[in-house]
Amino acid sequence: EEASLSAEPRYRHWKVKANDRAYHHLPEFQRKVFLCIKKSKYSGNAIKTYKYNVLTFLPLNLFEQFKRAANLYFLGLLILQVIPQISTLPWYTTLVPLVLVLSITAMKDLVDDLARHRMDKEINNRKCEVLLDGRFQESKWRHIQVGDVVRLKKNDFIPADILLLSSSNPNSLCYVETAELDGAGTALIECEEPNNRLDKFTGTMLWRRERYPLDLDNMLLRGCKIRNTDFCHGLVIFAGADTKIMRNGGKTRFKRTKIDELMNYMVYTIFVLLILVAAGLAIGHTFWYEEIGSKAWYLYDGKDEDASYRGFLSFWGYIIVLNTMVPISLYVSVEVIRLGQSKFINWDLQMYFPEKDTPAKARTTTLNEQLGQIEYIFSDKTGTLTQNIMAFKKCTISGQTYGTSPSGYTEIITSPVDFSWNRYADRKFQFMDHSLVALIRSRKDKDALEFFKLLSLCHTVMVEQKEDDLVYQAASPDEGALVTAARNFGYVFLSRTQDTITIREMDQETTYEMLALLDFNSDRKRMSIILRAPDGRIRLYCKGADTVIYERLSPNSRHKQSTQDALDRFANETLRTLCLCYRDVSRDEYDAWARKHKDASVTMTDREAALDRVYEQIENNLMLLGATAIEDKLQDGVPETIAKLAKADIKIWVLTGDKKETAENIGFSCELLTDDMQIHYGEDINEKLTVRQANRRNEPLSSGRNRKKAPEPFFPQPGKNALIITGGWLVSFAQGPRRPRCGEMLQVGHVLFFPVQIDFVDMACECEAVICCRVTPKQKANVVSLVKKYKKAVTLSIGDGANDVNMIKTADIGVGISGQEGMQAVMSSDYAFAQFRYLQRLLLVHGRWSYIRMCKFLRYFFYKNFAFTLVHFWYSFFSGYSSQVAYEDWFITIYNVLYSSLPVLLVGLLDQDVNDKLSLKFPKLYLPGQQGLLFNYKNFFISLFHGIFTSLIIFFIPYGAFLQTMGQDGEAPSDYQSFAVVTASSLVITVNLQISLDTSYWTFVNCFAVLGSIAIYFGIMFDIHSAGIHVIFPSIFTFTGAASNALRQPYLWLTIILTVGISLLPVICIQFLHKTIWPSVGDKFDQKKKYEMEEEEKKKPPAFQRGQRSRRSAYAFSHSRGYADLISSGRSIRRRLSVLLRSVAQITSTQTL
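Residues numbered from 1 in each chain as written. Predicted model: local features only at pLDDT ≥ 70, side-chain atom pairs only at ≥ 80, totals over all residues. Heavy atoms only, no water.

Enquirer: Just give me the short version of the overall build of the protein chain, but keep the residues and values in it.
Expert: When helices and strands are counted, the protein chain shows 39 helices and 32 strands. Counting the 1153 residues in the protein chain, one finds 50% classified as buried. Considering only contacts in the protein chain between residues 6 or more positions apart, those separated by 24 or more positions represent 72%. Element-wise, carbon and sulfur atoms account for 56% of the exposed surface of the protein chain, whose accessible area totals about 56,100 Å². (Helix = DSSP H or I, 4+ residues; strand = E, 2+ residues; numbered from the N terminus. Buried < 20%, exposed > 50% of the residue type's maximum accessible area, 1.4 Å probe, protein only. Contact = heavy atoms within 4.5 Å. Areas by Shrake-Rupley, 256 points an atom, 1.4 Å probe, with all protein chains shown as cover.)

In structure tokens, the structure reads:
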């Protein structure tokens, strides 16, 4: 995919002829499918997103499931159990659990695929009008072909990637008149081959001997909706699987959690242990047979096999007997738990945003526990930390600044301007500076009039008339805010066609001819428009970032310095800025430039670069008018969220395309940066990195100790540090003056590389906060990759726009915010919600709970399987290592399915060590997840030894009880079947009570599951040991009457109680010691909460007493946090304003007192 992005498209191979289906089936457009079978390279329009059909579901699904190592392992066991010489267990003991696991997974896959089938069928059967046999006929989407001319109506979905030919708007883009559509077969399109570039299309159209340039603006992409026109006609260029939206639906990189990787390694460890134990027991059987078995006449089985061969068979027999050490139901149980946890996220009403009716959405079910291990968060700024709802707040015109103070102080300064004199004014628009309105209405300042005329003309906004009101549809909130501001100040954008723009200048309606539109992109950082006024004058208007505008200003342009000062002040107030300028163009100059523009627009190779070069030729010698300042307010709860995440030891990096000053001040506003932080900029960072590199070069390479020694910290002084760097710094430092030595550093994709990148990551990770400004989308993704690569840290990226998609996909977890910039980020994310503040609940509550639940589930799951399986190991010492099982066959079959599965599943779904309020109140509770303390190899071996201990008790206490025993009826119940019943009963009760001890959050469901599992065990056991079922299946159910015979003996009930008690007593003691002497982080905060509640009860205020004096506060109504820290710091607020505010506060306080 990356290669396809950089390679130039091959135009000559993709030709489309209008209204000529036979043309696209010519031999030159055929491609080989299989052997000599060929078909057209042009796809049909039917789409197929499903994976299976009736014939392929069973074989394909089984093939996919058996690619999982555990399933393949159990299939191998099943084959071994069919071999009589080595089979020690009936085949159904493995078949039943395997079929159950495969069936559950297959049902899940089937439900998902049926939904895809329904969706495909619905889409493929949508109706559309296609030009056939000289008239438009209704046709299904799946029957549309490349080259067809289609007619679409308002609000219709677009069936394929089509070239717009004409529309119902008489002044709109129109290559072909409606009456000529049937004869459009002479139209020939040559363009790039199908690709996944949603932001690019290049081609030409040959029509009536005239060649027209085609780009993305001429295309209507599949999946979009027709708006702002009653009907339109288009030519199908790409259909079905070749459309851009389908090309983007490829396989996404599969993300796996750390626990997933660890769990797989542990399964491999168990498998190695299984082989070692089976080999040891096989060797034991070999020696036992030589010493005892071959000499005992009563053990002769009629087979003349030597000891080594019997040992070999015994090895495979023990592989079968001990197979439950590798848990077959582990993976399906994990998937069930993850699905439930995802549903809890979806159902969380505290993450629901009512204003947009947007709930939280877990778009994946495989990463929930990873949310509890996040170490670094990479966040976009605009629309993520801020609301991306822009408001025009300030401007500077001819060196004079107009507008309001920063948000929060306007009430003290003045009242809003009354725009009632303008019938087109937007009632929601507010502006506080009356002098600017007076200046505009007086019409004395030509620069001010030209300023707002530029805002009303230089844009790509569409307008729609709704009930005597103008509704603007802008590509970005910034453009919408600027055009709305011009509208309120008397310059109203009314309508546009392909060639004209009509505005109302105060009381006069004027139409300008649009000669060229030089659109904005992330490289140009500006847009321009060339217009011809009614008096014939040609003028270019331009708006863009100050960094690119100032490079192109005329030497004669005035007010450069004063405008730059104003821009700095605006940036310090966290406002977004744009510079406005113009230039007059002579007729001859424009004609010469237009010819170059026409040539560049139809070039077939590197068209964008050719157009950029032409644009540069006319975007120069500009005259500066001024600059705009737009406020993008912080979202609610952002400072509090960042503060809580910081307390959880989660480091936040902000990656934004904004100016350094704006990004820095937003950092202070959201409390990512604080006054006690030492901020380091590019020059300081350069110096520290240069010193580190010099020290590395001077180190003796021969000394191994020096190479292994940990490097000195970049910031040895105590205190907090923060980095603020730019995308340009990343490039410039990588292109430093010294030529890098081979292998020392490279520059790939505008980011630092080895070993400079290691030093940069080490330095950045020592800081509490990092802000990268003026970075491109690719640089955002590269910065995330660096931290993942060199810190092996769990990362999360959060953003709301298309420019954040790379970053979201690169991080371990991607979060999309459904904001003002569309749904691209959400569609690429793993989790989605509407506000940044919900991130703290997603991580500190759901993430933490999911991690703790999964860890507890895995620890217990391994424990119960070890306790169950290793009883066979101890039994082998008393059975001549003969692969004899210690339990009844059906108990082995359904132990993991019915007797011990439900309680641990509920713990994995519902358990809580503390509630959600405490999880948010004490962010330090999040630390164990970051450090991986709850599930690692240490915990695994603790579970292993715990299982070994439990299996020892479960085997040897009943063994001792059965050794010399007489029942109350005078019979000795020391038979093998009674022993199997007692050990199985002890095991089931022990493991179910063990999960009860591990349960922190009890509900009725948990209690029912524990008691129900024990009850189900006894119910099924008495049934399969009954005489009735033995009569029906005499060879399968052989333990006839064993349960009723054994469990009528009180002595054996006492044995079961003693076994369970001794198994659980050490666990109870250890848990008591942990709670009292070695409490966990959760225990400490739980005790702290109880202590605080007791203290609150003690400090409860006494009841009101009549006559008691009370003192009113002078700040009775100041319940919200003020701006004292900002005012005292002086970083973001002008000193003049700070003094004024303090004066007002003092006056108010004095008056109140």
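Enquirer: I'd like a rundown of a positive patch on the surface, residues and numbers included.
Expert: Together, Lys154, Lys225, Arg227 and Lys466 line one region of the surface with positive charge. Relative to the elements of secondary structure, Lys154 occurs in the loop between strand S6 (149-153) and strand S7 (161-167). (Patch = residues over 30% accessible without salt bridge, like charges linked within 9 Å, V, L, I, M, F, W, Y side chains within 5 Å. Salt bridge = Lys/Arg side-chain N within 4 Å of Asp/Glu carboxyl O. Lys, Arg positive; Asp, Glu negative; His and termini not counted. Charge placed at Lys NZ, Arg CZ, Asp CG, Glu CD.)

Enquirer: Residues and numbers for the packing of aromatic side chains, please.
Expert: All chains considered together, the criterion is met by 60 aromatic pairs. Summarising the aromatic geometry, the rings of Phe429 and Phe489 are spaced 6.3 Å apart at their centres and angled 80° between planes, so their arrangement reads as edge-to-face. Taken together, the positions of Phe429 in the loop between helix H9 (410-413) and helix H10 (434-442) and Phe489 in the loop between helix H12 (477-488) and strand S19 (491-496) put the pair 60 residues apart, joining distant regions of the chain. Note on accessibility: Phe429 and Phe489 belong to one class, buried. (Phe/Tyr/Trp six-rings, centres within 6.5 Å; stacked < 30°, edge-to-face > 60°.)

Enquirer: For the side chain of Thr990, give the residues involved together with the corresponding values.
Expert: Following the sequence through the fold, Thr990 ends up in helix H32 (residues 976-998). Contacts of Thr990, omitting those with residues within four sequence positions, involve Tyr863, Thr950, Ile954, Val1060, Ser1063 and Leu1064.

Enquirer: For the nonpolar core, give the residues involved together with the corresponding values.
Expert: Ranked by internal contacts, the top residues of the largest apolar core, which has 95 residues, are Leu330, Phe857, Leu858, Phe862, Phe891 and Leu987. Core analysis: the next-biggest nonpolar cluster, separate from the first, contains 50 residues, Phe429, Leu439, Val483 and Ala486 among them. (Core = buried A, V, L, I, M, F, W, Y, C linked by side-chain atoms within 4.5 Å.)

Enquirer: If you had to explain the sheet that holds S6 to someone new, which residues and values would you point to?
Expert: The 6 strands are arranged S5-S4-S6-S12-S7-S11 in an open sheet whose pairing can be described as antiparallel. If you trace the sheet from one side to the other, it starts and ends with strand S5 (135-140) and strand S11 (219-220), each paired once. The pairing of S7 with strand S12 (residues 231-238) spans 6 bridges and is antiparallel. Its bridge partner lying in S12, Asp161 is registered against Phe238. (Pairing = 2+ DSSP bridges.)

Enquirer: Describe the UniProt feature "active site" (unreviewed entry) in the protein chain, with residues and values.
Expert: Taken from the UniProt record, the annotation "active site" (unreviewed entry) applies to Asp380. Its location among the elements puts Asp380 in the loop between strand S14 (376-379) and strand S15 (386-397). Ignoring sequence-local partners within four residues, the contact set of Asp380 consists of Leu385, Leu655, Thr656, Lys780, Ile798, Gly799, Asp800, Asp804 and Met807. At 3.3 Å, the side chain of Asp380 forms a polar contact with the side chain of Lys780. (UniProt positions renumbered as here; feature names shortened; annotations may be inferred. Polar contact = N/O pair within 3.5 Å; in protein donor to acceptor, adjacent residues only side chain to side chain.)

Enquirer: I'd like to hear about the packing of helix H2 (residues 57-65) against helix H4 (residues 92-124), residue by residue, with values.
Expert: At a closest axis distance of 11 Å, the pairing of H2 and H4 adopts a crossing angle of 115°. For the element pair H2 and H4, the recorded crossing hand is right-handed. Every residue of H4 that contacts H2 at Phe57, Asn61, Leu62 and Gln65 is listed here: Val101, Leu102, Thr105, Ala106, Asp109 and Leu110. Among the residues making up the contact of H2 with H4, the classes are represented as 6 nonpolar, 3 polar and 1 charged. (Axes fitted to C-alpha atoms, helices over the stretch in contact; angles between N-to-C directions. Left-handed = near helix turned anticlockwise from the far one by under 90°. Nonpolar A, V, L, I, M, F, W, Y, C, P; charged D, E, K, R; others polar.)

Enquirer: Which residues make up unusual backbone geometry, and what are the values?
Expert: Backbone geometry places Met506, a non-glycine residue, at a positive phi of 60°. Here Met506 lies in the loop between strand S20 (500-505) and strand S21 (508-518). Backbone geometry places Ser883, a non-glycine residue, at a positive phi of 65°. Relative to the helices and strands, Ser883 resides in the loop between helix H26 (838-876) and helix H27 (889-899).

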